[in-house]
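Coordinate analysis (summary)
Each chain, written out:
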Amino acid sequence: MSAFYVGLDVHSKMTEYAIQEVDGTVVRQGRVPTTREGLQSIAKILGVGAGTRVGLETGTMARYVANELRELGLQPVVIDAHEVRLKAHRPRQKSDRRDAYEICEGLRCDVYRTIVHMPPAPIDRLRITLAQRRHFVRLQSAQMSATKHILRSSGLGQKSRHLKSKSGWQQLISSVKNPVRSRIQAHHAVWLVAGDQVALLDQSLLEQSKPFKEDFLRLQTAPGVGPIVALTAIAAFSDAKRFPSAKHAASYAGLVPSTSQSGDRDWHGHITKQGSSELRAMLCEAAHHASRKTSAFNPYFSSLCARRGYKMAVTAVAHRLCRVLYAMLRDHSKFDVHKLGVEVGPFEKKVVTPYRLRRKPVKV
């Protein structure tokens, strides 16, 4: 075990640091540039060795600094910035020097609970590529929405269909006249460029999925789960064993209900929407497939849809799907429909009604 603890207050240009011994004695405080050389100089001070825990709070520079510290043989501990602020001893007397000291002191006393998981390099690259893909997909959606707005404001709303394919765009452009055509062509050009980038990123994701090939193929055996949903789950969960239970994994995706309990009052509200928004969005998108009769989640979805509505049913199925995918990653198992509590058909349902529409006579 290392004899030192290090706290960092990281900014884009400079980083404040504080070094303490195990007994709490402050060894040194100072400021270095937020570069590899600057972080190396911290490691050289008083022979801070491999395995030394270095605390820093979440922020735009946290990923870069944590990766650099890991390459230097140190152990980065990334703490949620909200918790750092809540546990600050003097929140009204904030300074970079004090922040570095308090992070170091909190790390030494082990007072922080919300430690952010820093994934290994392959998972980190996968997350970055998925984020890039989402950006360009949203850019395409924005061009489609802008084009629909142009058509509706011009009294041509009936033409705002089939904008997900190149042929649909070409038919639309050829069916309208200037100045509407020139405005639509500008959005079409951006839509094409974004589509080319999505195609390139899809190829990159296919290459990056090779280290996780078994999990990648295994997750796609679940209903509604395709390549992008499977890769998003792998990237978000990273190491499934870091979650104590499936309930914790669902909470990480923000799919558990918010609660407020005090005395005899026990209130449950909307889902928390905390944690990985990308995973939550992909799970909700996959949950829409439960509306199909061929989905193994359909009996569960249909019952909830009739009682609580479509949106509530989609959210509930996304919650259940999250727990299923977590269990598949944890146990390295394929999807088993028999564990869902449903029976495998086919089944026939006979409906008896007292009335029906009169059938027209068949002409011979």
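Look up a bit, the structure's there.
Anyway, here's the lowdown on the structure attached to this text. (Residues numbered from 1 in each chain as written. Predicted model: local features only at pLDDT ≥ 70, side-chain atom pairs only at ≥ 80, totals over all residues. Heavy atoms only, no water.)

1. Re the side chain of Q140
Quick reminder of the rule: To qualify as a helix, a DSSP run of H or I must reach at least 4 residues; to qualify as a strand, a run of E must reach at least 2; elements of each kind are numbered from the N terminus. Note on contacts: a residue pair is in contact if any heavy atoms of the two residues lie within 4.5 Å.
Take Q140: it is sitting in helix α5 (residues 121–153). Filtering out sequence-adjacent residues up to four positions away, Q140 remains in contact with W191, A194, G195 and V198.

2. Regarding the packing of aromatic side chains
Which entries qualify depends on this criterion: Here the aromatic set is Phe, Tyr and Trp, taking the six-membered ring for Trp, and pairing holds for ring centres within 6.5 Å; pairs whose planes are under 30 degrees apart are stacked, those over 60 apart are edge-to-face, and all others are tilted. Partly exposed describes any residue whose relative accessible area lies between the buried limit of under 20% and the exposed limit of over 50%, with all areas from a 1.4 Å probe on protein chains only and scaled to the type maximum.
One pass over the full model with this rule turns up 7 aromatic pairs. Look at F237 and Y326: their rings are 6.3 Å apart centre to centre, the planes differ by 65°, and that puts the pair in the edge-to-face class. Remark: Y326 occurs in helix α13 (residues 310–331) and F237 occurs in helix α9 (residues 227–237); sequence separation between them is 89 residues. The exposure classification of F237 matches that of Y326, with both residues buried.

3. Some thoughts on the packing of α9 against α13
To keep things clear, this is the line we draw: Helix axes are fitted to C-alpha atoms over the stretch in contact, other axes to C-alpha atoms as well, and angles between N-to-C directions run from 0 to 180 degrees. Here the angle decides the label: under 35 degrees means roughly parallel, over 145 means roughly antiparallel, 65 to 115 means roughly perpendicular, and every other value means oblique. Classification used: nonpolar for Ala, Val, Leu, Ile, Met, Phe, Trp, Tyr, Cys and Pro, charged for Asp, Glu, Lys and Arg, polar for all others including Gly.
At a minimum axis distance of 11 Å, the contact between α9 and α13 shows a crossing angle of 70°. When the axes of α9 and α13 are compared, the pair comes out roughly perpendicular. Contacts between α9 and α13 involve A233, I234 and F237 on the former and, on the latter, C322, L325, Y326 and L329. Its residues assigned to classes, the contact of α9 with α13 comprises 7 nonpolar, no polar and no charged.

4. Quick notes on the nonpolar core
The criterion, for reference: Buried Ala, Val, Leu, Ile, Met, Phe, Trp, Tyr and Cys residues that are joined via side-chain atoms within 4.5 Å together make up what is termed a nonpolar core.
Membership of the largest hydrophobic core comes to 49 residues, with the highest contact counts inside it found for F237, L283 and L325. Top contributing element to this core by residue count: α13, with 12 residues. F237 has contacts with R242, F243, A249, L279, C322, Y326 and L329, leaving out every residue within four places of it along the chain. Core analysis: the next-biggest nonpolar cluster, separate from the first, contains 20 residues, L8, I45, V54 and V65 among them.

5. Comments concerning the pattern of salt bridges
Put simply, the rule reads: A side-chain nitrogen of Lys or Arg and a carboxyl oxygen of Asp or Glu constitute a salt bridge if their distance falls within 4 Å.
Counting across every chain of the model gives 15 salt bridges. Across the pair R133 and D202 runs a salt bridge, and its minimum N-O distance is 2.7 Å. Note that R133 is positioned in helix α5 and D202 in helix α7 (residues 180–208), a separation of 69 residues in sequence. Classification of R133 as buried rests on a relative accessible area of 18%. Between E214 and R218 there is a salt bridge whose closest N-O contact spans 3.9 Å. In this pair, E214 and R218 both sit in helix α8 (residues 213–219), 4 residues apart, roughly one turn of the helix. A relative accessible area of 11% places R218 in the buried class. Connected through salt bridges with shared partners, the residues E57, R85, K94 and D99 form a single ionic network.

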